[in-house]
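Architecture at a glance
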Amino acid sequence: MSPTLDFSTRLIRWQRSHGRNNLPWQVTDPYRVWLSEIMLQQTQVSTVLDYYPRFIERFPNIQTLAHAPQDEVLSLWQGLGYYSRARNLHKAAQQVIQDFGGTFPQTRLELQQLCGVGRSTAAAISAFSFRQRETILDGNVKRVLCRVFALDGDPTDKKFENSLWALAESLLPEKADDMPAYTQGLMDLGATCCKRSTPLCHQCPMADICQAKAQNRTHELPRKKNTTTVKNLPLYWLILEQADRSLFLQKRPSSGIWGGLYCVPCFEDLHSLYRFAEQCGISADELEEQAAITHRLTHRLLLITPFKALTTDAALPSELSDGIWVNPSHLQNYGIPKPMNDYLKQKQYKLF
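Just so it is clear, the model here is predicted, and its values are computed rather than measured. (Residues numbered from 1 in each chain as written. Predicted model: local features only at pLDDT ≥ 70, side-chain atom pairs only at ≥ 80, totals over all residues. Heavy atoms only, no water.)

Observations regarding empty space enclosed by the protein
Counted under the stated rule, the structure contains 1 cavity of 30 Å³ or more. Here the largest cavity defines a volume of roughly 110 Å³. Mapped onto the lining of the largest cavity, the elements with two or more residues apiece are helix H9 (139–148) and helix H11 (179–193). Of the residues forming the lining of the largest cavity, the biggest block, 3 residues, is contributed by H9. (1 Å grid on protein atoms, 1.4 Å probe; cavity = no way out; pocket = protein on both sides within 12 Å on 5 of 7 lines; lining within 4 Å. Points joined across faces, edges and corners; volume = space filled by probe spheres on them. Helix = DSSP H or I, 4+ residues; strand = E, 2+ residues; numbered from the N terminus.)

Brief notes about the environment of Ala-168
Among the secondary structure elements, Ala-168 is positioned in helix H10 (residues 158–170). Here the alpha-carbon distance between Ala-168 and Gln-44, two residues 124 residues apart in the chain, equals 23 Å. If we ignore the near neighbours within four places in the chain, the residues touching Ala-168 are Thr-135, Ile-136, Leu-137, Leu-145 and Tyr-182. (Contact = heavy atoms within 4.5 Å.)

Here's the deal with the layout of surface pockets
If a probe as big as a water molecule is rolled over the atoms, it shows which places are left empty. By volume, the second largest pocket amounts to about 580 Å³. Lining of the second largest pocket is provided by 18 residues; of these, Gly-81, Tyr-82, Arg-296, Leu-297 and Thr-298 occupy positions nearest its centre. For the lining of the second largest pocket, the elements supplying multiple residues, two or more each, are helix H6 (84–99) and strand S6 (293–296). A per-class count over the lining of the second largest pocket returns 6 nonpolar, 8 polar and 4 charged. The residues that make up the lining of the second largest pocket include at least three from each of domain 1 (3–215) and domain 2 (231–345). (Nonpolar A, V, L, I, M, F, W, Y, C, P; charged D, E, K, R; others polar. Domains from an automatic or database assignment.)

Examining the environment of Cys-280
One can find Cys-280 in the loop between helix H13 (270–279) and strand S5 (288–289). Classification of Cys-280 as buried rests on a relative accessible area of 9%. (Buried < 20%, exposed > 50% of the residue type's maximum accessible area, 1.4 Å probe, protein only.)

Section: the nonpolar core
Phe-7, Trp-34, Leu-145, Trp-237 and Trp-258 are the most contacted members of the largest nonpolar core, which totals 91 residues. In terms of residue count, H11 provides more of this core than any other element does, 7 residues in total. The residues that make up this core include at least three from each of domain 1 (3–215) and domain 2 (231–345). Contact partners of Phe-7, with chain neighbours within four places excluded, come to Val-144, Leu-145, Val-148, Phe-149, Leu-171, Tyr-182, Leu-186 and Met-206. Counting residues in hydrophobic clusters, the runner-up holds 13 residues, among them Leu-273, Ala-277, Cys-280 and Ala-309. (Core = buried A, V, L, I, M, F, W, Y, C linked by side-chain atoms within 4.5 Å.)

Considering the UniProt feature "domain: HhH-GPD" (unreviewed entry) in the chain
The feature "domain: HhH-GPD" (unreviewed entry), as given by UniProt, occupies residues 39–192 in the numbering adopted here. The annotated region residues 39–192 carries 64% helix and 0% strand content, and the separation between its end C-alpha atoms amounts to 19 Å. (UniProt positions renumbered as here; feature names shortened; annotations may be inferred.)

Section: the domain arrangement of the chain
When cut into domains, the chain gives domain 1 (3–215) and domain 2 (231–345). The C-alpha-based centres of domain 1 and domain 2 are spaced at 37 Å. Every contact between the two is made by 8 residues of domain 1 and, on the other side, 15 residues of domain 2. The tally of links from domain 1 across to domain 2 stands at 1 salt bridge. Lys-251 is paired through a salt bridge with Asp-71; the nearest N and O atoms lie 2.8 Å apart. Between domain 1 and domain 2 we count 8 residue pairs in polar contact (both at pLDDT 80 or more) in total. Take the side of domain 1 that touches domain 2: its biggest share by element is 4 residues, from helix H5 (residues 70–77). (Salt bridge = Lys/Arg side-chain N within 4 Å of Asp/Glu carboxyl O. Polar contact = N/O pair within 3.5 Å; in protein donor to acceptor, adjacent residues only side chain to side chain.)

Quick notes on helix H14 (residues 338–346)
When H14 is considered as a whole, its buried residues turn out to be Pro-339, Met-340, Asn-341, Tyr-343 and Leu-344. Among the structural elements, strand S1 (231–241), strand S2 (247–251), strand S3 (262–263), S6 and strand S7 (300–310) are those in contact with the buried residues of H14. At the exit of H14 stands Gln-348, carrying a positive phi of roughly 65°.

Details of the pairing of S1
Judged by how many residues are buried, S1 sits mostly within the fold: 8 of 11 residues are covered. Two elements, S1 and S7, share 11 bridges in a ladder whose sense is parallel. Bridging from a neighbouring strand, Leu-235 pairs with Ile-304 of S7. Relative to strand S4 (residues 266–267), S1 runs antiparallel, the two sharing 2 bridges. Considered in S4, the bridge of Tyr-236 is made with Phe-267. (Pairing = 2+ DSSP bridges.)

Quick look at the pattern of salt bridges
Counted under the stated rule, the structure contains 17 salt bridges. For Lys-308, the salt bridge goes to Glu-241, with nearest N and O atoms at 3.5 Å. Of the two residues, Lys-308 sits in strand S7 while Glu-241 sits in strand S1, which places them 67 residues apart along the sequence. For Lys-308, a relative accessible area of 18% puts it in the buried group. Residue Glu-241 is classed as buried on the basis of its relative accessible area, which comes to 7%.

Concerning the packing of aromatic side chains
Evaluation of the coordinates by the stated rule reveals 14 aromatic pairs. Seen in terms of ring centroids, Trp-25 and Tyr-52 are 5.2 Å apart; in terms of plane orientation they differ by 75°. Their pairing is edge-to-face. In this pair, Trp-25 sits in the loop between helix H1 (3–18) and helix H2 (30–40) while Tyr-52 sits in helix H3 (residues 45–58), placing the two residues 27 residues apart along the sequence. Judged by its relative accessible area of 3%, Tyr-52 falls in the buried class. Seen from their ring centres, Tyr-262 and Tyr-334 are 5.0 Å apart, and the 80° between their planes marks the pair as edge-to-face. Here Tyr-334 lies in the loop between strand S8 (323–326) and H14 and Tyr-262 lies in strand S3, a separation of 72 residues in the sequence. By relative accessible area, which is 11% here, Tyr-262 ends up buried. Every member of this aromatic cluster is reached through a ring pair, and the members are Phe-248, Phe-267, Phe-276 and Trp-325. The side chain of Arg-54 reaches across the aromatic face of Tyr-51, ending 4.7 Å from its centre. (Phe/Tyr/Trp six-rings, centres within 6.5 Å; stacked < 30°, edge-to-face > 60°. Lys NZ or Arg CZ within 6 Å of the ring centre and 35° of its normal.)

See the structure below:
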């Protein structure tokens, strides 16, 4: 039997006996499948296992999520990163209510109409929940295909990616009932056996048909993307604190770093921070510079310098009315960036 014809049979058999079969989102409910797929984008299973139950407890169905305030959704998402996923999640829930009558769409093309749902995510939802014969093609699956079939191409080339989609579609099992095990198998194989740097070929069900293994090329396939240079980004925080430790927070713009979250006033240069402080009636001499904080994003290293000032004024000038004073006992109700959360814990704020 050719590798192409044998691929799905081997994968399904392996997944059912050796794959991950006890994950909480392995259900047919499209809402729960969709939620897990969005959370799992660029996030490890172990991390999602911590967040997923809390989300389901607070938002047990699409209706509760759609009608919740965005701030509450972002608050529960705090620490998962890539916050555009949370904003898109909220928008997509509202789309299901408004455009699909509260019932999750079943086809890949309809699912792709939802905010934050691309082709591969839509395929996963339709395969798991509705037994649709649709293929996923995330980073793990690309790695498996490139190795098993010894495919060597530029990962940034659209033509090469289209050829991977075509191959992935040709490998789908004939029986619709096999789609959940097959799709989960693709995810499991790339995550547990066909790893990026140390593939466990001796545990892989494709070992004897893997062309990269036969050619001793598992270390070079798939071809790596060019490394993106990490840029340093200096930031300056103004920590305005009242006698009861209430903090002044502003909601970040929806685009950019920490979009939609609440943070202390944040500036890219000291002059802007000093000008803002002066508007609050605080001179530069009254600002206490604190230990710098570093925080790594995907392509940026944030170099954060906090400046703290105590103030007895509960009100700020009208032009600064976009901010709010938050008592420490209420901080857990606001989505806060991870470095801000870490700073507050270090300063012994009771966040939970």
